[in-house]
Amino acid sequence: MPATPASAVVDTDAIAASVAVCAAAASTAQVMAVVKADGYGHGLVPSAVAALRGGASWLGVAQVSEALALRAAGVDAPLLSWLHAPGGPMAAAVEADVDLGIGAGWALTEAVAAARETGRTARVHLKVDTGLNRNGVPDAELDDVLDALAKAQAEESVEVVGLFTHFAWADEPDNPTIDAQLAAFRDALARAERRGIVPQLRHAANSAATLTRPDAHFDLVRPGIACYGLTPIPGLAFGLRPAMTLRAQVALTKRVAAGGGVSYGHQWHAARDTTVALVPLGYADGIPRNATNVGAMQLGGVRRTVAGRVCMDQLLLDVGDDPVAAGDEVTVFGPGDDGEPTAQDWAETLGTISYEIVTRVGARVPRTYPQEET
Ligand SMILES: Cc1ncc(COP(=O)(O)O)c(C=O)c1O
């Protein structure tokens with residue numbers, strides 16, 4: 001008997017194969033698989049292990065807590081954490097051999113302090129803002145931060161392992177911002193070099209740039225979404241295979257007479273006498289509330305539409321007169337092999353991106369790993 005009424009089945013072979021697709025595209029550049037946000041919802045440690053099996057030699061996360069969780073699980077691959085707030089656990093990161101992304105002057109100051117506190121050299125990657133205008137050192141502050149970095153390097157409180165940037169619009173491979181950001185990145189590298197800072201790893205490419213822009217590969221690429229088999233550019237598949245299948249069991253069925261209203265606020269009324277099937281997944285489990293009346297799931301070999309409001313823990317599907325029963329399996333999304341929607345289909349229906357569909361699958365939904373059970 002299943003212990004929970006729903007689960008997210010994660011195909012770790014699909015993760016390994018999709019990382020291999022990225023590695024082939026990256027050619028001689030190394031691959032840093034991005035496993036932040038619980039491996040984009042697929043599970044931090046199993047995703048990391050599968051990505052390393054698929055050919056990644058580095059792992060990337062946003063927060064130090066994520067990096068420390070990987071280390072606690074015994075993952076000893078090179079690891080970069082790039083998003084910090086003042087007063088964060090940089091010393092713990094340095095102790096755990098986690099490289100620090102430095103995206104602001106204060107972060108460099110704190111990395112130097114962490115090195116002094118631990119008596120070790122902090123391994124850092126300077127993040128340069130070349131036009132995203134998000135995390136990273138902006139052009140106006142770059143010379144000052146590079147001066148401070150050169151000083152810290154000379155004192156051996158830091159080792160500058162990398163210099164990196166992140167694109168604003170790589171999902172449009174011809175977008176002119178990509179060329180502009182590459183030019184700004186090369187300029188930043190030259191300014192660093194003039195100060196004697198020559199990082200071994202220059203990196204810029206997310207999934208989209210890994211798969212479409214060889215001129216952005218440099219020494220290492222940082223794919224995230226593609227590692228989970230989801231395309232960064234809708235309409236292009238790249239040979240990726242979606243790794244997550246979200247499933248649930250029908251909890252009950254009931255007949256609703258023509259004209260009957262269903263779920264909170266009666267946002268849906270039966271057009272004819274029909275059966276609705278209760279699915280024990282709601283917005284607390286990551287099914288967006290605005291899937292009300294539009295989301296589709298596979299049940300009994302047919303795509304069925306959500307009938308009425310998505311609630312916190314449950315929703316209903318209209319199944320007509322089909323012989324659906326409690327215990328039947330519902331597939332919310334998967335690789336699409338059996339006609340079920342994909343996370344990309346969900347994203348398109350709801351006006352979002354597949355990233356949001358997979359990362360928001362709630363903590364109450366256990367991730368299961370069939371390949372790891374043998
Ligand atoms: C700095 C950085 N690099 C790489 C990635 C991976 O991006 P994607 O999932 O689009 O490949 C992210 C994700 O947002 C990121 O923040």
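Residues numbered from 1 in each chain as written. Predicted model: local features only at pLDDT ≥ 70, side-chain atom pairs only at ≥ 80, totals over all residues. Heavy atoms only, no water.

## Quick notes on the domain arrangement of the chain
Taken as a whole, the chain is organised into domain 1 (12-228) and domain 2 (244-373). Across the boundary between the two partners, domain 1 contributes 10 residues, which contact nine residues of domain 2. Across the domain 1/domain 2 interface, buried area totals approximately 890 Å², and carbon plus sulfur atoms make up 58% of it. Considering only the surface of domain 1 that becomes buried against domain 2, Thr12, His42 and Ile225 emerge as the three largest contributors, covering 49% of it. Inspection of the domain 1/domain 2 interface yields zero salt bridges. Mapped onto the side of domain 1 that touches domain 2, the elements with two or more residues apiece are α1 (12-26), α2 (36-40) and α3 (44-53). Classifying every residue of the side of domain 1 that touches domain 2 gives four nonpolar, four polar and two charged. (Domains from an automatic or database assignment. Contact = heavy atoms within 4.5 Å. Buried area = accessible area lost by both parts, 1.4 Å probe. Salt bridge = Lys/Arg side-chain N within 4 Å of Asp/Glu carboxyl O. Helix = DSSP H or I, 4+ residues; strand = E, 2+ residues; numbered from the N terminus. Nonpolar A, V, L, I, M, F, W, Y, C, P; charged D, E, K, R; others polar.)

## Digging into the sheet that holds strand β17 (residues 315-320)
Pairing is antiparallel in the open sheet, where three strands are placed in the order β11-β14-β17. Among the strands making up the open sheet, the edge pair consists of β11 (252-256) and β17. With strand direction ignored, the average angle separating the axes of adjacent strands in the sheet is 30°. As defined by bridge partners, strand β14 (residues 274-279) adjoins β17 across five bridges and the pair is classed as antiparallel. Residue pairing in the sheet places Thr275 in a bridge with Gly320 of β17. (Pairing = 2+ DSSP bridges. Axes fitted to C-alpha atoms, helices over the stretch in contact; angles between N-to-C directions.)

## Notes on the nonpolar core
With 114 residues, the main nonpolar core has Leu126, Ile287, Met297 and Phe333 as its most contacted residues. Shared between two domains, this core holds at least three residues of each, these being domain 1 (12-228) and domain 2 (244-373). Residues Val256, Trp268, Leu278 and Ala307 belong to the second largest nonpolar core, which totals eight residues. (Core = buried A, V, L, I, M, F, W, Y, C linked by side-chain atoms within 4.5 Å. Buried < 20%, exposed > 50% of the residue type's maximum accessible area, 1.4 Å probe, protein only.)

## Digging into the pairing of strand β3 (residues 58-61)
Going residue by residue along β3, you find Trp58 and Gly60 tucked away on one face and Leu59 and Val61 tucked away on the opposite face as well. Bridge analysis of strand β2 (residues 30-34) against β3 gives three bridges, and the strand direction is parallel. Bridge pairing links Met32 to Trp58 in β3. When β3 meets strand β4 (residues 79-81), the two strands line up parallel, connected through three bridges.

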